[in-house]
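Chain and residue survey
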Amino acid sequence: MTKQKNKSAANDSPVRTLKISISGIRGVVGDTLTPSLLVRFAESFGTYINSGAIVIGRDTRPSGEMVKFAVTAGLTAAGCQVLDLGVCPVPTIQFMVRRLKADGGIAITASHNPAQWNALKFIRNDGCFLNAHQARELIDIYHQGDYIKAPADKIKNPRAIENAVKYHTEAIIKKIGKLPGGKKPLAVVDCVNGAGAVMSVDFLNALGCDVIGLYTKPDGHFPRPPEPLPENLGKLCDAVRRTGADIGFAQDADADRLAVVDEKGRPIGEDYTLALAADYILRREKGTVVVNLATSHAVDDIAAAHGCPIVKTRIGEINVVERMKTEHAVIGGEGNGGVIYPAVNYTRDSFAAMALILHHLKNSRKKVSALAAALPQYRIVKTSLPCPTHKAFALLDYLREKFSEENPDCTEGIKIQRGNAWTLIRPSNTEPIVRIMSEAKTAPAARRLNEEFEKIVRYFINT
């Protein structure tokens, strides 16, 4: 009976636990994310890069070393020079690709997914992730299986690279500056025992904070779900209240996303991380702001208040980044706690975000709760429903027809605007789920809107 049950689960698992997409490859270790698959994808990337120098780094998941060895084997077999940063935040990996003038990079991390997952994120030579066209080219190489095979005398031994987080820290402080003098703010930072644990405390100290570290052991044993949502931050909130800290920060496992807790121990919501950072930058420098379709309208209102244009893109960091480059944007990002400050890094960077928000706090001489209360107020409700990929596409066709009279925005998934409220429904790029996100001026209004569309989507999935 047990063997039959396991066999059935294995037959179903490719749909549930493996995702090959423009965002990279992501799966459950010991199930669908196997060493042979990792080696082949690494060979594919080495072929795509044409045997160049590749920076690699990983988060703290227990499977990280296994994945790193498989990736190193594939890259080396394709004649690449592997530059190994070890355990390292993703924005640091991207920064080091540029600093080392490498031909590309691979970040080994499943970001906010549970610990049994791992993933490969592919980085091009400008430190940005591959765009959709480039990712499709890479996937084509993988499927064709025609990889570069370096002869024995062309194999290059991997090189360990030291001090990556030191260089990243120095670059942020050089661009943003240390905090002004006077009383140092006290910050509590929750690193979820992820990649941020190797950098966050020292970084905040160098910036000019007194720091209390929470979950700063880089062992990959996550004490909370890695996604820094308000419901996952109870220990951080308690620590801020108990210590009388001025602010609390929470990172995800690869330290590209940031959530903020005010001095009263209340999460302000990850959607307001970018809002705070944008408000600070636009007070100092006028320019275009670029965000994705799922970002709170609060950022629109902030840009308008400063007389600055705002541009919306498809979901996905690279879509925001490439449009930021085109628009010469001064700041941008995503409403999931992802702040992109191009003066430092064309990527979501929780460390640059912490620096900008702390400067805002010091320069305003206000508390975090006051800064957050002064921002345009919206409320967002999010729901995720399991949905096989093939059914997700049929769902979108159904919704486009059903709501055609409301002139939906179909740039990404389907977005329906109703006055100052909206709902976005889209399949995830990284998991076999459909995300439903609704925003309105009040929490009850956002909840009602979300429930309306969740009922429709759930009915379609289950029929």
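**Here's the deal with the sheet that holds strand β11 (residues 258-261)**
- As summarised here, the arrangement of the 4 strands in space is β9-β8-β10-β11, forming an open sheet in which the pairing is mixed. Single-partner strands in this sheet number two, and they are β9 (210-214) and β11. Strand-to-strand, the axes of this sheet are offset by a mean angle of 20°, without reference to chain direction.
- Taken together, the 5 bridges between strand β8 (residues 186-190) and β9 define a ladder with parallel strand orientation. Within β9, the position partnered with aspartate 190 by the bridge is leucine 214.
- Its contacts with the sheet put helix α7 (residues 200-207) on β8, β9 and β10 (247-251), and the angle it makes with β9 is roughly 170°.

**Things to note about the pattern of salt bridges**
- Under the defined criterion, the tally for this structure stands at 28 salt bridges.
- Between glutamate 406 and arginine 418 there is a salt bridge, with the nearest N and O atoms lying 3.0 Å from each other. One end of the pair, glutamate 406, is in the loop between α14 (389-402) and β17 (414-418); the other, arginine 418, is in strand β17, and 12 residues separate them in sequence.
- Since its relative accessible area comes to 30%, arginine 418 is described here as partly exposed.
- A cluster of three or more residues bridged by salt bridges with shared partners is formed by Glu227, Arg257, Glu270, Asp271 and Lys382.

**Structural notes on the environment of glycine 46**
- With respect to the helices and strands, glycine 46 occurs in helix α2 (residues 35-49).
- Since its relative accessible area comes to 0%, glycine 46 is described here as buried.
- Between the C-alpha atoms of glycine 46 and tyrosine 147, which are 101 residues apart in sequence, the distance is 8.0 Å.
- Those residues within four positions of glycine 46 in sequence are excluded, and the remaining contacts are Ser51, Leu75, Ala78, Cys80 and Ile148.

**Examining the sheet that holds strand β7 (residues 159-160)**
- Spatial strand order, β1-β2-β6-β5-β3-β4-β7: 7 strands in an open sheet with mixed pairing. On the outer flanks of this sheet lie β1 (18-21) and β7, each paired with one strand and no other.
- Bridging between β1 and strand β2 (residues 24-28) involves 4 bridges; their strand directions are antiparallel. What sits directly across from isoleucine 20, in β2, is isoleucine 25.

**With respect to α7**
- Among the residues of α7, Ser200, Phe203, Leu204 and Leu207 are the ones counted as buried. Burial along α7 is one-sided: seen end-on, the buried residues are contained in an arc of 95°.
- Turning to α7, the residues buried within the fold contact α6 (164-176), β8, β9, β10 and α12 (350-364).
- Backbone geometry just after α7 places glycine 208 at a positive phi near 120°.

**A few points about the nonpolar core**
- Of all hydrophobic cores here, the largest spans 54 residues; its most connected members are Phe203, Leu204, Phe249, Ile331, Leu356 and Leu358.
- Residues Ile56, Val71, Leu75 and Phe122 belong to the second largest nonpolar core, which totals 26 residues.

**Examining unusual backbone geometry**
- Non-glycine residue asparagine 193 carries a positive phi angle of around 60°.
- Position of asparagine 193 among the secondary structure elements: in the loop between β8 and α7.

**Regarding the side chain of threonine 72**
- As for its placement among the helices and strands, threonine 72 is situated in helix α3 (residues 64-77).
- Filtering out sequence-adjacent residues up to four positions away, threonine 72 remains in contact with Ile56, Val82 and Pro158.

**As for α12**
- Given a rise of 1.5 Å per residue, 15 residues ought to cover 21 Å, and the 21 Å separating the end C-alpha atoms of α12 matches this to within 8%.
- Counting buried positions along α12 gives 13 out of 15 residues, so the element sits mostly inside the fold.
- Sitting at the amino-terminal end of α12 is aspartate 349, which places a side-chain oxygen 2.9 Å from the backbone nitrogen of phenylalanine 351.
- In the stretch just after α12, arginine 365 is the one whose phi turns positive, near 60°.

**A closer look at the packing of aromatic side chains**
- Tallying each qualifying case throughout the model produces 7 aromatic pairs.
- Relative to phenylalanine 453, the ring of phenylalanine 403 has its centre 5.1 Å away and its plane inclined at 45°; by these criteria the two rings are tilted. Of this pair, phenylalanine 403 sits in the loop between α14 and β17 while phenylalanine 453 sits in helix α15 (residues 443-462); the two residues are 50 residues apart in sequence, bridging distant segments of the chain.
- Relative accessible area serves as the criterion here: at 6%, phenylalanine 403 is assigned to the buried category.
- These aromatic residues form a ring-pair network of at least three members: Phe41, Phe45, Tyr48, Phe122 and Tyr142.
- The ring of tyrosine 346 carries the charged tip of lysine 325 above its face, separated from the ring centre by 5.1 Å.
- The lysine or arginine in question, lysine 441, covers the ring of tyrosine 378, its NZ or CZ lying 4.1 Å from the ring centre.

**A short note on the packing of α14 against α15**
- At a minimum axis distance of 10 Å, the contact between α14 and α15 shows a crossing angle of 130°. Classed by the angle they form, the pair α14 and α15 counts as oblique. Classified by chirality, the crossing of α15 by α14 is right-handed. Within the contact between the two elements, α14 uses Lys391, Ala394, Leu395, Tyr398, Leu399 and Lys402 and α15 uses Ile456, Val457, Phe460 and Ile461.

Conventions adopted
Residues numbered from 1 in each chain as written. Predicted model: local features only at pLDDT ≥ 70, side-chain atom pairs only at ≥ 80, totals over all residues. Heavy atoms only, no water. Pairing = 2+ DSSP bridges. Helix = DSSP H or I, 4+ residues; strand = E, 2+ residues; numbered from the N terminus. Axes fitted to C-alpha atoms, helices over the stretch in contact; angles between N-to-C directions. Contact = heavy atoms within 4.5 Å. Salt bridge = Lys/Arg side-chain N within 4 Å of Asp/Glu carboxyl O. Buried < 20%, exposed > 50% of the residue type's maximum accessible area, 1.4 Å probe, protein only. Arc of directions from axis to C-beta. Core = buried A, V, L, I, M, F, W, Y, C linked by side-chain atoms within 4.5 Å. Expected span 1.5 Å × (residues − 1). Polar contact = N/O pair within 3.5 Å; in protein donor to acceptor, adjacent residues only side chain to side chain. Phe/Tyr/Trp six-rings, centres within 6.5 Å; stacked < 30°, edge-to-face > 60°. Lys NZ or Arg CZ within 6 Å of the ring centre and 35° of its normal. Parallel < 35°, antiparallel > 145°, perpendicular 65-115°, else oblique. Left-handed = near helix turned anticlockwise from the far one by under 90°.

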